Each structure stands twice: as structure tokens, then as C-alpha cells.
Amino acid sequence: LLLYLKTMILFRKFRLLILMVFLVACTMHIMIDLLPKLEKRGAESADGGCQCAQHPGSDAQGWGKQRTRSGAEAEAGWPNKHTLRILQDFSNEPSSNLSSHSLEKMTGAGDRVEQLRRSGPSEDHKPLIGHQSRARIISTRGGSRLSALYEHPLYKVDLPVLTDDDTLFNVNTDISFYTKEEFSPTADIPAESYPHWLRFHIGINRYELYSRHSPVLDALLKDLVNQRITSVAMKSGGTQLKLIMTFQNNGQALFKPMKQTREQETPPDFFYFSDFERHNAEIAAFHLDRILDFRRVPPVAGRLVNMTKEIRDVTRDKKLWRTFFISPANNVCFYGECSYYCSTEHALCGKPDQIEGSLAAFLPDLTLAKRKTWRNPWRRSYHKRKKAEWEVDPDYCDEVKQTPPYDRGSRLLDIMDMTIFDFLMGNMDRHHYETFEKFGNNTFIIHLDNGRGFGKHSHDELSILVPLNQCCRVRKSTFLRLQLLAKEEYQLSVLMEESLLRDRLSPVLIQPHLQAMDRRLRLVLQVLSGCIDKEGYVNVVEEDVVRDSATHRGPRHR
């Protein structure tokens, strides 16, 4: 009987324990089911405007006590608290967006790192010119190799005398539409007093975006780095995130944030149309275009941006604002809205809130200077399996040469210039190009959107050279400059390295990318040599035609 009583008591105790465990399990199951609904409701509440009592200027938990907004910057009706988000793997490497991300790793950059550390935390007083000892290494005995290049006769050829038909704007009549009434040009205000971005626009003509030795260019590059950012908005269209930044002097630029470190190459399984757009590629493309003497890339400069003060706090784009969050490492991150790589998994994170990016000066507004968009004849299929016509037809160029505007004038030669430019960078993403409508068919091609260049230094994509192989045509001035840049005293990689030292984010390219340009330049010259052997020099290398301003019609292509 005693044993029976003890057994019953133990059974009751275990029954209570089992019941308690069952109740706890049910409660946890209900809470797990409710979490997604609560998160969704929280997101909907944020979309409608957060009604939190905490003022955006006070210390918010989500932004850290060190990050506050002034009352003047806070806008009524704006959400003042972000929905909590879980940060997942936002990059290939934990340090991918570290502001000093790769300086210690890069070959030959140790001196520059030590210089930056000694210079203190202030970025406002960082010199635009690179470390002087580094500059001396890549100089000739007589001085800068880059200066010697620009003194070469090939870089001193004068343009034809410009008429009103050859300039994009007439300073006396057109600029008044550009500026506010209080800044409209008068006899008392010389053009030299205009903002540098406006002077850049005024200088655009039929043959170039800017002149070889324009003092405005260097001043504009400094503005891109130093001008205060007053507003930020996402750029519509495109596959990846880009921001439109407006400065205190009313100039504007396109900002592409850093997505990869200098050392990272495009993954081998990536298609060209899903590759990352690299900020350092935009910077390097501008310098390469200038060294090639094309001058068809708008000015680009690198800048270290404070994501809190210079993006989040000045944007009125609520869609952009809502994508900001704090990572588990206490870094400021955002991802915006776009077709590719705009998610928490691919968020752009600062260290803690500083991020690199490229700033490309805007061209004149389309309402003032219309541009025409052309489909590149050698456009790729942008399909995983299909091939474009030029990839299967070796005589494709013969068809192109019979089609306007490639049947006469300089357009086909401009395509060859662009082909060489893209091959040196490894850029496969050239589906369209633009020209200024005012100048008709006889003007240069604008080399826009170069962010997918410099992705693989270990691979030379020979398919980029197909237009040159098929057409066997090149402008004489381009051919002579390529031969010059292949010489030891004017070596392309050395000139690029020296030119890129001027950028705030130097070193912009690692040594393997610089060396790859030398290798690719030799390949271009080999292709042209083969064309000359096959068709003869006079049939391959075409003289630069000085266009008649009255007709602007060049010779027909053979």
C-alpha cells in the first residue's frame, strides 16, 4: 500500500511537469507564428510614417548615441525610427567597405598608408596629389612622365576654328536658361566667374567634352571632392544602385558606391550583364580616356562620403531613407532600390559610416542639350545562351559599313576608338552609346557608364576586339598614340599610375590591372599589324579628317 501511494504521488508530480512543458511549448509556438505578422505590421506602420514619441534629433537606439540629427534637418511627417532588420552576409569579405579597405594589402602602398595615418583623421585637408615619394618613382629624370606625354606633338594637335554650330551653347543666349535669375549672365559678370560645372558645360563642342589643358577640369574635379552635398536621390533606371548628388553650388554628379575591394575580381561564373559596377572602374576609365586623348568621358573623381551626414540626413527620397540600418558590427548600412544587389544581403556598409564612391559630373540637362541614344552595332545578346549576329557572322562589318551613320564620316572610327578603350579596361557592357543631337552624325561618341570595366586582370576578353578584327579600320591619330603608349618611356601602366595618384582614393587600381593594360595594348597593336599585313596600311589607317563646318560630311567607308 505504501509503495502504491508513493507511485501515485510521483505520477501526479510528473503529470504537472509534463503539463507545464506542454504549455511552454505551445506558448513558444504561438509567439514564433506571430513574429512574421508583427514584423509585417511594423513595416506597414513605417511606410505610413512612424508615430513614435522619440524625436529624431534625440539619441535613438537604432542609430547609436554618437549619431544625431539637428532639429533644422528634421522634416515634419518623416519617420524617425527604422524597422529593425537582420543583417545577413552583405559582402564577400567582412572588410569590403572598410574605408582603408585595402591600402595595407596593396603592393607599394605602405608609404601612402603611413602618410594617411600621420595626417590625422580629417579628410577635408587631404592633398589631391598623391604621395610625393611615390610620384618620384614613376617620374622620368626630367620630371613627370604624364607631363612629358602631354607635351608630345601628338597631344598638341589643334582643333578647327569653332563656329556657333560647333559649340553646344552660346554663352550670350543659352546660359540664361541654366541659372537662377540672380545669376543670369550680364556684361558685368564674366564667364570666368561661373561655377566650374557650368564652365565645363559651356566648353563642350563638336570634337570634345573638354580641352586638353583646360583649367576648369582640375577645378571641377576638386569640386566633386570638396563641395558640400545638399541633397541626394536615387537615380531611376539601371540595374544597380546609383545616387544623384546635388552640391552647394547647384552642380550635380552621379555617385556609384563601392561594392568590391580593389583585389576582388569578377567571379568566373558571373555573366557580364550581372557583374558588379565598380566605383574605381569609373575613376580609372576617366583617366584612361584622357591619356588616350579621346576626352569623351565626363570628369570623375573619387570621394569618401559620410553616409549619415552626406546621404541619410540630406535625402528627401523616402524610399532610400527607409533602407538605412545599423549592422551587428554597429556600421551604418543602406541598400536602396534597384534590379540587382539592392537587399540586406548586398547592403552597402560604412566603417562605421564612411564609404568610398565615384562622382561623375553631370552632362547638361536634356532639356537644354538633347542627346541621341544609339544601339551599339556590336551589342551583345544579354542572354545566357543566345549569341548576337556579329558573333556568328565574320562579315558582319561589311553590313555595318553600308548602314548610316557608319557608311560615311567618322562614326565607324569612333566605334573603333570605343572598342580599343573597352578592351583595355575589359569592359563587355557597351550596349548603347550617346551623342549630342545638335551636332548630328558628325561628332564624338560619349563614353558613359564604365563601371563594369577592370573586373578581371587575369583574363583578356578577346571578343571585345571583334569590331576591330572584322573592320580593320583605325584613326591615324589613335594608331600613333597607341604605338607611343607601348614605348617604355611612355608606358601606359606607368602613366595611368601617375595620373591616378591625383585622385583622393588613390591607389585606384592594383598593379595587376595596370600591367594588364600594357598586355592588352600589345594585343591591340598585334590585331592592327595583322590587318595592315592583310589589307595594306592605307586601307587600315585612315587620316584624321578635318570636317567642313558647312557640311560636316566625311568620306564614305570602303
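- An unreviewed UniProt entry lists the protein under the name FAM20 C-terminal domain-containing protein, with Gouania willdenowi given as the organism.
- What the UniProt record of the protein gives under Subcellular location (unreviewed entry) is the line "Golgi apparatus".

**Here we look at the overall build of the protein**
Alright, step 1. When its secondary structure is counted, the protein shows 17 helices and twelve strands.
Alright, step 2. Taking all 558 residues of the protein together, the buried fraction comes to 50%.
Alright, step 3. Sequence-distant contacts in the protein: of pairs separated by 6 or more residues, those separated by 24 or more amount to 74%.
Alright, step 4. For the protein, the computed accessible surface area is about 28100 Å², with 55% contributed by carbon and sulfur atoms.

**Considering the pattern of salt bridges**
Alright, step 1. One pass over the structure, following the stated rule, counts 25 salt bridges.
Alright, step 2. Notably, a salt bridge pairs Arg-206 with Asp-166, separated by 2.8 Å at the nearest N-O pair. Of this pair, Arg-206 sits in the loop between α5 (196-202) and α6 (215-226) while Asp-166 sits in the loop between α4 (145-150) and α5, and the two are 40 residues apart along the sequence. You'll find Arg-206 and Asp-166 in the same group, each marked buried.
Alright, step 3. Across the pair Asp-293 and Arg-295 runs a salt bridge whose closest N-O atoms are separated by 2.5 Å.
Alright, step 4. Overall, Asp-293 belongs to the buried group, its relative accessible area being 8%.

**A few points about the state of the cysteines**
Alright, step 1. A full pass over the atoms with the stated rule returns four disulfides.
Alright, step 2. Two residues share a disulfide in this structure: Cys-333 and Cys-349, whose sulfurs sit 2.0 Å from each other. Torsion about the S-S bond of the Cys-333 and Cys-349 cystine: about 110°, corresponding to right-handed handedness. Placement of the pair is Cys-333 in strand β6 (residues 332-334) and Cys-349 in strand β7 (residues 348-349), with a sequence separation of 16 residues. Cys-349 shares its class with Cys-333; the two are buried.
Alright, step 3. Paired by a disulfide, Cys-338 and Cys-342 hold their sulfur atoms 1.9 Å apart. Where Cys-338 bonds to Cys-342 through sulfur, the torsion about that S-S bond is close to 105°, and the disulfide is right-handed.
Alright, step 4. Given a relative accessible area of 26%, Cys-338 falls into the partly exposed group.
Alright, step 5. Taking relative accessible area as the criterion, Cys-342 reaches 18% and is therefore assigned buried.

**Points about unusual backbone geometry**
Only a minority of non-glycine residues have a phi that is not negative, and only a minority of peptide bonds are not trans.
Alright, step 1. For the bond from Lys-351 to Pro-352, the omega torsion is -5°, close enough to zero to count as cis.
Alright, step 2. Mapped onto the elements, Pro-352 comes out in the loop between β7 and β8 (354-361).
Alright, step 3. A cis amide bond, omega 0°, links Pro-404 with the succeeding residue Pro-405.
Alright, step 4. Position of Pro-405 relative to the elements: it lies in the loop between α11 (396-400) and α12 (411-425).
Alright, step 5. The backbone phi angle of Asn-330 is positive, close to 70°, even though this residue is not glycine.
Alright, step 6. Tracing the sequence through the fold places Asn-330 in the loop between β5 (325-326) and β6.
Alright, step 7. You can call Asn-330 partly exposed: its relative accessible area is 38%.
Alright, step 8. Even without being a glycine, Tyr-382 presents a positive backbone phi close to 55°.
Alright, step 9. Considering the arrangement of structural elements, one finds Tyr-382 in the loop between β9 (371-375) and α10 (389-392).

**Some points on the environment of Leu-363**
Alright, step 1. Mapped onto the fold, Leu-363 is located in the loop between β8 and β9.
Alright, step 2. Overall, Leu-363 belongs to the buried group, its relative accessible area being 11%.
Alright, step 3. With 154 residues separating them along the chain, Leu-363 and Leu-209 place their C-alpha atoms 9.3 Å apart.
Alright, step 4. Not counting chain neighbours up to four residues away, the residues in contact with Leu-363 comprise Phe-200, His-201, Ile-204, Leu-209, Pro-298, Arg-371, Phe-436, Ile-446 and Leu-448.

**Observations concerning the pairing of β8**
Alright, step 1. Of all eight residues that make up β8, seven are buried, and the element is covered over most of its length.
Alright, step 2. Pairing analysis gives seven bridges linking strand β4 (residues 300-306) to β8, with the strands arranged antiparallel. Opposite Gly-302, over in β8, you have Ser-358 as the bridge partner.

So, how was this worked out
- Residues numbered from 1 in each chain as written.
- Predicted model: local features only at pLDDT ≥ 70, side-chain atom pairs only at ≥ 80, totals over all residues.
- Heavy atoms only, no water.
- UniProt positions renumbered as here; feature names shortened; annotations may be inferred.
- Helix = DSSP H or I, 4+ residues; strand = E, 2+ residues; numbered from the N terminus.
- Buried < 20%, exposed > 50% of the residue type's maximum accessible area, 1.4 Å probe, protein only.
- Contact = heavy atoms within 4.5 Å.
- Areas by Shrake-Rupley, 256 points an atom, 1.4 Å probe, with all protein chains shown as cover.
- Salt bridge = Lys/Arg side-chain N within 4 Å of Asp/Glu carboxyl O.
- Disulfide = S-S within 2.5 Å.
- Pairing = 2+ DSSP bridges.

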